[in-house]
Amino acid sequence: MNRFTYERPGSPAEAARAAAARSGAKFIAGGTNLLDLMKLGIETPAHLIDVNRIGLDAIEPMPDGGLRIGALVRNADLAADARVRRDYAVLSRALLAGASGQLRNKATTAGNLLQRTRCPYFYETAMPCNKRTPGSGCAALEGLSRSNAVLGASDACIAVHPSDMAVAMRALDATVETVAPNGATRAIPIADFHRLPGEEPARETNLLSGELITAVTLPSPVRGMHVYRKVRDRASYAFATVSLAAVLVRDGDRVRAARFAFGGLAHRPWRVEAAERETARGAAAVSDTIVAGARTTTHNAFKLPLARRLVAAAMADATRG
Ligand code: SF4
């Protein structure tokens with residue numbers, strides 16, 4: 001591991017200012033992803049800003065009926081919160097489908113959004129990877145791509161975002177709140193938070209340099225049946241091959257309205273609102289719109305029928321429920 005300096009600021013504004021003051025600085029909270037990457041030499045921060053003592057660890061009701069989740073709320077606490085379990089069950093279920101109990105106790109809301117891809121070549125430092133070393137190439141394009149993206153990818157990178165939590169937040173239309181080094185605050189809709197890889201796969205979010213996530217807000221509860229289905233290689237402690245966060249509203253024996261957000265398909269949680277407008281026409285019509293424009297490899301083409309089956313299963317669940 002490279003040598004680095006370390007500081008522990010006392011407030012979010014102080015932390016953001018500290019990030020702007022030092023080149024090569026990174027925030028650290030739970031460290032469940034960053035420390036692994038540092039040990040492998042993939043992340044080499046010159047300076048760590050430990051944000052564990054700046055507050056931001058509360059879940060608070062909002063005047064509009066929503067919830068404000070502090071950036072440092074641990075994944076386990078968020079999943080167990082009675083309001084989240086009652087009103088945002090898809091989020092609680094997605095969190096509990098991720099990682100292990102120990103990791104959820106440590107990992108934070110902001111850190112979960114910022115976790116990096118698990119593309120195997122990103123971790124294999126002897127192989128070319130545009131995300132790790134811009135301009136070096138993409139080993140996955142001609143290599144083993146079973147876990148990689150089928151939607152929204154580019155010739156520079158076909159990695160997927162690994163989060164379960166972010167997929168549920170995308171279905172719920174969450175908003176990410178931030179503070180910049182100059183003290184300015186922003187509210188970024190989660191649809192605009194993560195980027196597609198394009199020509200710059202190393203840039204995974206639209207955060208600016210030194211900008212710190214302070215909270216994620218959820219709008220007032222979305223009524224309907226909340227579903228999180230995750231297909232993975234083993235029953236626990238595995239990233240999604242394909243996952244689906246859905247909220248479905250039933251009308252008799254039909255699903256009248258629904259939201260569908262996917263993990264495992266793209267470089268960011270994948271939601272196509274136009275597909276949701278096809279809900280009344282059935283699962284096939286919804287899926288056709290979701291997977292339009294897909295580009296697959298021989299290794300990952302199976303993800304498309306898998307995504308279709310997840311939509312069909314969620315809609316069948318809703319009409320049975
Ligand atoms: Fe790197 Fe992306 Fe290619 Fe994986 S898919 S090797 S992360 S550039």
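In short, a report on the structure. (Residues numbered from 1 in each chain as written. Predicted model: local features only at pLDDT ≥ 70, side-chain atom pairs only at ≥ 80, totals over all residues. Heavy atoms only, no water.)

Some points on the site of the ligand
Then comes step 1: Close contacts around the ligand come from 14 residues, with C119, C129, C138, C157 and I158 the closest.
Then comes step 2: Contributions of two or more residues to the shell around the ligand are made by α8 (120–123) and α9 (139–142).
Then comes step 3: Of the residues assigned to the shell around the ligand, the class counts are 11 nonpolar, 2 polar and 1 charged. (Near = heavy atom within 4 Å. Helix = DSSP H or I, 4+ residues; strand = E, 2+ residues; numbered from the N terminus. Nonpolar A, V, L, I, M, F, W, Y, C, P; charged D, E, K, R; others polar.)

Some points on the pattern of salt bridges
Then comes step 1: Scanning all chains against the criterion turns up 26 salt bridges.
Then comes step 2: For the salt bridge of R116 with E204, the shortest nitrogen-to-oxygen distance reads 3.0 Å. Residue R116 is found in the loop between α7 (109–114) and α8, and its partner E204 is found in the loop between β7 (185–189) and β8 (212–218); the two are separated by 88 residues along the sequence.
Then comes step 3: Residue classification places R116 among the buried residues on the basis of a relative accessible area of 13%.
Then comes step 4: One salt bridge in this structure joins R295 and D155, with 3.1 Å as the shortest N-O distance. Of this pair, R295 sits in the loop between α12 (283–290) and α13 (303–320) while D155 sits in the loop between α9 and α10 (165–171), placing them 140 residues apart in sequence.
Then comes step 5: Its relative accessible area of 45% is what places R295 among the partly exposed residues.
Then comes step 6: Classification of D155 by relative accessible area gives exposed; the value is 57%.
Then comes step 7: A network of salt bridges, in which partner residues are shared, links R170, D173, R259, R271, E273 and E276. (Salt bridge = Lys/Arg side-chain N within 4 Å of Asp/Glu carboxyl O. Buried < 20%, exposed > 50% of the residue type's maximum accessible area, 1.4 Å probe, protein only.)

What to know about a nonpolar patch on the surface
Then comes step 1: A grouping of M1, F4 and Y6 is seen on the molecular surface, where their side chains present a nonpolar patch of about 320 Å² in accessible area.
Then comes step 2: Relative to the assigned elements, M1 resides in the segment before β1 (5–7).
Then comes step 3: For M1, a relative accessible area of 57% puts it in the exposed group. (Patch = residues over 30% accessible without salt bridge, like charges linked within 9 Å, V, L, I, M, F, W, Y side chains within 5 Å. Areas by Shrake-Rupley, 256 points an atom, 1.4 Å probe, with all protein chains shown as cover.)

What about α12?
Then comes step 1: Looking only at α12, the buried set comprises A283, A285, V286, S287 and I290.
Then comes step 2: Check the buried side of α12 and you find it contacts β11 (254–263), β12 (270–271), α11 (273–276) and α13. (Contact = heavy atoms within 4.5 Å.)

A short note on the sheet that holds strand β2 (residues 25–28)
Paired through backbone hydrogen bonds, the strands of a sheet run either parallel or antiparallel to each other.
Then comes step 1: Here 3 strands make up an open sheet; going across it, the order is β1-β3-β2 and the pairing parallel. Sheet topology places β1 and β2 at the edges, where each strand pairs with a single neighbour. Averaged over all pairs of adjacent strands, the angle between their axes in this sheet comes to 25°, without regard to strand direction.
Then comes step 2: Pairing of β1 with strand β3 (residues 47–50) involves 3 bridges; the strand directions are parallel. Along β3, the bridge assignment pairs T5 with H47.
Then comes step 3: The strands touched by helix α1 (residues 12–21) are β1, β2 and β3; relative to β2, the strand with the most contacts, the crossing angle is about 150°. (Pairing = 2+ DSSP bridges. Axes fitted to C-alpha atoms, helices over the stretch in contact; angles between N-to-C directions.)

Quick look at the nonpolar core
Then comes step 1: Residues L78, L91, L113 and M169 are the most contacted members of the largest nonpolar core, which totals 49 residues.
Then comes step 2: Here the element with the most residues in this core is α10; it accounts for 6 residues.
Then comes step 3: Setting aside chain neighbours within four positions, we find M169 in contact with I69, L78, L91, T109, L113, A174, I190 and V216.
Then comes step 4: Of all hydrophobic cores here, the second largest spans 28 residues; its members include F260, F262, A283 and V291. (Core = buried A, V, L, I, M, F, W, Y, C linked by side-chain atoms within 4.5 Å.)

Quick look at the pairing of strand β5 (residues 67–70)
Then comes step 1: Where strand β4 (residues 59–61) and β5 come together, 3 bridges link them in antiparallel fashion. Bridged to P61 within β5 is L67.
Then comes step 2: Counting the residues between successive antiparallel strands, the hairpin from β4 to β5 contains 5 residues, one of them, G65, with a positive phi of roughly 95°.
Then comes step 3: As defined by bridge partners, β5 adjoins β8 across 4 bridges and the pair is classed as antiparallel. The partner of I69 across the bridge, within β8, is V216.

Side note on the packing of α12 against α13
Then comes step 1: The N-to-C vectors of α12 and α13 enclose an angle of 145°; their axes lie 9 Å apart at closest approach. For the pair α12 and α13, the sense of crossing is right-handed. Contacts between α12 and α13 involve A283, A284, V286, S287, D288 and I290 on the former and, on the latter, R308, V311, A312 and M315. (Left-handed = near helix turned anticlockwise from the far one by under 90°.)

Notes on the sheet that holds β4
Then comes step 1: Spatially, β4-β5-β8-β6-β7 is the arrangement adopted by the 5 strands of the open sheet, whose pairing is antiparallel. With partners counted over all chains shown, the strands left at the sheet margins are β4 and β7, one partner each. Adjacent strand axes in the sheet meet at a mean angle of 25°, parallel and antiparallel pairs treated alike.
Then comes step 2: The sheet contact formed by strand β6 (residues 175–179) and β8 spans 5 bridges and is antiparallel. Pairing of E177 across the sheet is with A215, part of β8.
Then comes step 3: Lying over the sheet, α1 contacts β6 and β8, oriented at roughly 135° with respect to β8.

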